[in-house]
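What follows is the residue order along each chain.
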Amino acid sequence: MQTQQDRPLLNQADQFASRGDIASLQTAMDQAGQITSGRALYKEAQGKIQQWTSQIQQIQDQPYLDQARA
């Protein structure tokens, strides 16, 4: 039951994240964050949030890496 309720939230979050920009990744994180502790898909949601957080950090750090290489 919980999986059926929460799967659409994660699917929508994945759609937002697929855009790959910071705002979309943040929206995806907010969407997945609606799945609370104790729910069947909580661990999956938290894993995705961690992945998207890493993507945001990489996007934000890329200009510094480019500058360092130059």
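Just above sits the structure.
So, how was this worked out
Residues numbered from 1 in each chain as written. Predicted model: local features only at pLDDT ≥ 70, side-chain atom pairs only at ≥ 80, totals over all residues. Heavy atoms only, no water. Axes fitted to C-alpha atoms, helices over the stretch in contact; angles between N-to-C directions. Helix = DSSP H or I, 4+ residues; strand = E, 2+ residues; numbered from the N terminus. Parallel < 35°, antiparallel > 145°, perpendicular 65-115°, else oblique. Contact = heavy atoms within 4.5 Å. Nonpolar A, V, L, I, M, F, W, Y, C, P; charged D, E, K, R; others polar. Salt bridge = Lys/Arg side-chain N within 4 Å of Asp/Glu carboxyl O. Buried < 20%, exposed > 50% of the residue type's maximum accessible area, 1.4 Å probe, protein only.

Trainee: Go over the packing of helix H1 (residues 2-17) against helix H2 (residues 22-32), please, and point to the residues and values.
Mentor: At a closest axis distance of 7 Å, the pairing of H1 and H2 adopts a crossing angle of 170°. Viewed along their axes, H1 and H2 adopt a mutual orientation that is roughly antiparallel. Contact residues: Leu9, Leu10, Gln12, Ala13, Phe16 and Ala17 in H1; Ser24, Leu25, Thr27, Ala28, Gln31 and Ala32 in H2. Of the residues belonging to the contact of H1 with H2, the class tally is eight nonpolar, four polar and no charged.

Trainee: Tell me about the side chain of Gln31, and name the residues and values.
Mentor: Within the secondary structure layout, Gln31 lies in helix H2. Excluding residues that lie within four positions of it along the chain, Gln31 makes contacts with Leu9, Gln12, Ala13 and Phe16.

Trainee: Which residues make up the pattern of salt bridges, and what values go with them?
Mentor: Taken as a whole and judged by the stated rule, the model has four salt bridges. Between Arg39 and Asp6 there is a salt bridge, with the nearest N and O atoms lying 3.0 Å from each other. In this pair, Arg39 is assigned in the loop between H2 and helix H3 (42-69) and Asp6 in helix H1, connecting sequence segments 33 residues apart. For Asp6, a relative accessible area of 5% gives the class buried. The residue Asp14 makes a salt bridge to Lys48 at a minimum N-O spacing of 3.0 Å. Taken together, the positions of Asp14 in helix H1 and Lys48 in helix H3 put the pair 34 residues apart, joining distant regions of the chain. Asp14 gets classed as partly exposed once you look at its relative accessible area, which sits at 30%.

Trainee: Which residues make up the environment of Ser18, and what values go with them?
Mentor: In this structure, Ser18 sits in the loop between H1 and H2. Separated by 13 residues in the primary sequence, Ser18 and Gln5 place their C-alpha atoms 22 Å from one another.

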